[in-house]
Amino acid sequence: MAFIKLYRKKLEENYSFLNNIFESRNIEWGVVTKLLCGNTIYLKEIIALGVREMHDSRISNLKKIKALDPTIQTVYIKPPAKRSIDRIVSYADVSFNTEIDTIKMLSQAAKKQNKTHKVIIMIEMGDLREGVMGEELVEFYGSILSLANIEILGIGTNLNCLSGIMPTQDKLIQLSLYKQLIEAKFNIKIPWVSGGTSVAIPLILKNARPMAVNHFRVGEALFFGKDLFTGETIKGMHNDVFKLYSEIIEITEKPDTPTGELGESGVGNTYVMDDNADLGVTSLRAILDIGLLDMQPQYIEAEDLDITIVDASSDMLVIDISNSKKKYKIGDLVSFKIQYMGALYLLNSDYIEKTIG
């Protein structure tokens with residue numbers, strides 16, 4: 001059985017690195033746990049770091065977090081669906097919102113449950129996903145200000161997730177100006193200005209963040225140490241908190257070119273025959289016990305750089321080990337570094353064992 005392993009020491013060091021960055025700048029932050037897909041074994045590792053605020057886009061995952069530690073502040077990081085209102089109030093202390101009618105429903109549900117539900121008003125700033133349009137923000141804010149059992153915790157924005165619009169100093173200054181506008185209009189103080197996700201960390205490291213932007217939601221940087229501006233690993237962080245291990249179940253020297261009448265494969269691909277191909281060329285191929293049900297090959301890379309991924313079917317991954325200096329045998333494990341989307345597939349699969357190293 002293939003398995004994914006979380007390396008605790010590397011996770012701890014990445015967390016400490018980020019926490020030092022945020023604490024030294026008086027920034028509040030929460031860990032985005034949606035990557036973990038509610039896997040209790042890994043949620044416990046996050047809690048053990050000392051995290052007091054956890055963000056997720058699945059109510060079932062927030063329910064698990066509350067079961068593990070009811071004192072953690074849970075944040076639902078997308079606009080609530082009407083049919084989920086009662087459960088969101090039950091398991092999320094905070095939710096991101098863009099619709100007045102939805103917040104009114106949250107108010108009613110919170111009153112029934114004898115709770116105060118906190119909301120963040122998300123503002124559209126160019127990425128064209130969720131967000132209230134800037135010219136409608138003041139009217140929007142005023143219409144929810146006095147709703148029962150609702151506390152407006154702050155404003156925020158989301159960038160880079162849909163259209164790839166990057167957070168810049170100008171974008172965050174604009175967000176800060178919305179804060180000033182609302183505070184002046186309604187004579188209130190806004191506790192949080194949530195300036196984005198891992199993609200904003202390079203701006204923070206350059207001290208290019210407006211001081212009013214005092215909250216961030218971080219997932220990818222914690223688990224992969226990635227600078228999303230450059231694609232490189234942030235200096236001082238680990239990019240391999242997670243690794244994938246898969247077992248070799250067959251090793252055979254086989255032709256590089258398939259033979260027979262060509263049709264569409266089981267996963268919808270059609271092999272294109274090279275008329276000039278040398279049908280006598282072979283390679284040493286290994287089959288691993290993992291497939292497209294569990295992962296996408298483009299998001300994984302063998303740590304043995306002499307291994308080439310050939311292709312995958314639903315349950316098996318074929319690799320070329322001809323050039324490897326290691327003499328692989330049946331039962332050996334092949335290790336892979338994983339990108340964010342690769343980990344998401346793996347962690348969402350019930351067929352992949354989750355372990356800790």
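- Note on the chain: under the UniProt heading Cofactor (unreviewed entry), the record states "pyridoxal 5'-phosphate".

## Remarks on the overall build of the chain
Part 1 of the reasoning: For the chain, the helix and strand inventory stands at ten helices and 16 strands.
Part 2 of the reasoning: Summarising its shape, the C-alpha atoms of the chain cover approximately 80 × 45 × 40 Å along the three principal directions.
Part 3 of the reasoning: Counting only residues that meet the buried cut, the chain has 49% of its 357 residues in that class.
Part 4 of the reasoning: A fraction of 65% describes how many contacts in the chain between residues 6 or more apart in sequence connect residues 24 or more apart.
Part 5 of the reasoning: On the chain, roughly 17300 Å² of surface is accessible, and the fraction owed to carbon and sulfur atoms is 49%.
Part 6 of the reasoning: The chain carries 40 positive and 46 negative side-chain charges, and their two centres are separated by 10 Å.

## Describing the pairing of strand β6 (residues 117–123)
Part 1 of the reasoning: The buried fraction of β6 amounts to six of the seven residues, a majority that puts the element mostly inside the structure.
Part 2 of the reasoning: In this sheet, β6 lies alongside strand β5 (residues 94–97) in parallel orientation, the contact comprising four bridges. In the sheet register, Val94 faces β6, and the bridge partner there is Lys118.
Part 3 of the reasoning: Chirality of the crossover, the property in question, places the unit of β5, helix α5 (residues 100–112) and β6 among those that are right-handed.

## Details of the environment of Asn269
Part 1 of the reasoning: Relative to the helices and strands, Asn269 resides in the loop between β10 (242–255) and β11 (282–288).
Part 2 of the reasoning: The residues touching Asn269, leaving out its near neighbours within four places in the chain, are Gly263, Glu264 and Asp311.

## What to know about the domain arrangement of the chain
Part 1 of the reasoning: Here the chain is described as being made up of domain 1 (8–224) and domain 2 (242–356).
Part 2 of the reasoning: A separation of 39 Å is found between the C-alpha centroids of domain 1 and domain 2.
Part 3 of the reasoning: Counting from both sides, the interface comprises 13 residues of domain 1 and, opposite them, twelve residues of domain 2.
Part 4 of the reasoning: Between domain 1 and domain 2, roughly 1200 Å² of surface is buried when both sides are summed, and carbon and sulfur atoms account for 73% of that area.
Part 5 of the reasoning: Contact with domain 2 buries surface across domain 1, with Leu35, Tyr42 and Phe224 losing the most and accounting together for 46% of the total.
Part 6 of the reasoning: Applying the counting criterion to the domain 1 and domain 2 interface returns zero salt bridges.

Scoring rules and cut-offs
Residues numbered from 1 in each chain as written. Predicted model: local features only at pLDDT ≥ 70, side-chain atom pairs only at ≥ 80, totals over all residues. Heavy atoms only, no water. UniProt positions renumbered as here; feature names shortened; annotations may be inferred. Helix = DSSP H or I, 4+ residues; strand = E, 2+ residues; numbered from the N terminus. Buried < 20%, exposed > 50% of the residue type's maximum accessible area, 1.4 Å probe, protein only. Contact = heavy atoms within 4.5 Å. Areas by Shrake-Rupley, 256 points an atom, 1.4 Å probe, with all protein chains shown as cover. Lys, Arg positive; Asp, Glu negative; His and termini not counted. Charge placed at Lys NZ, Arg CZ, Asp CG, Glu CD. Pairing = 2+ DSSP bridges. Right-handed = clockwise from strand over helix to strand, strands pointing away. Domains from an automatic or database assignment. Buried area = accessible area lost by both parts, 1.4 Å probe. Salt bridge = Lys/Arg side-chain N within 4 Å of Asp/Glu carboxyl O.

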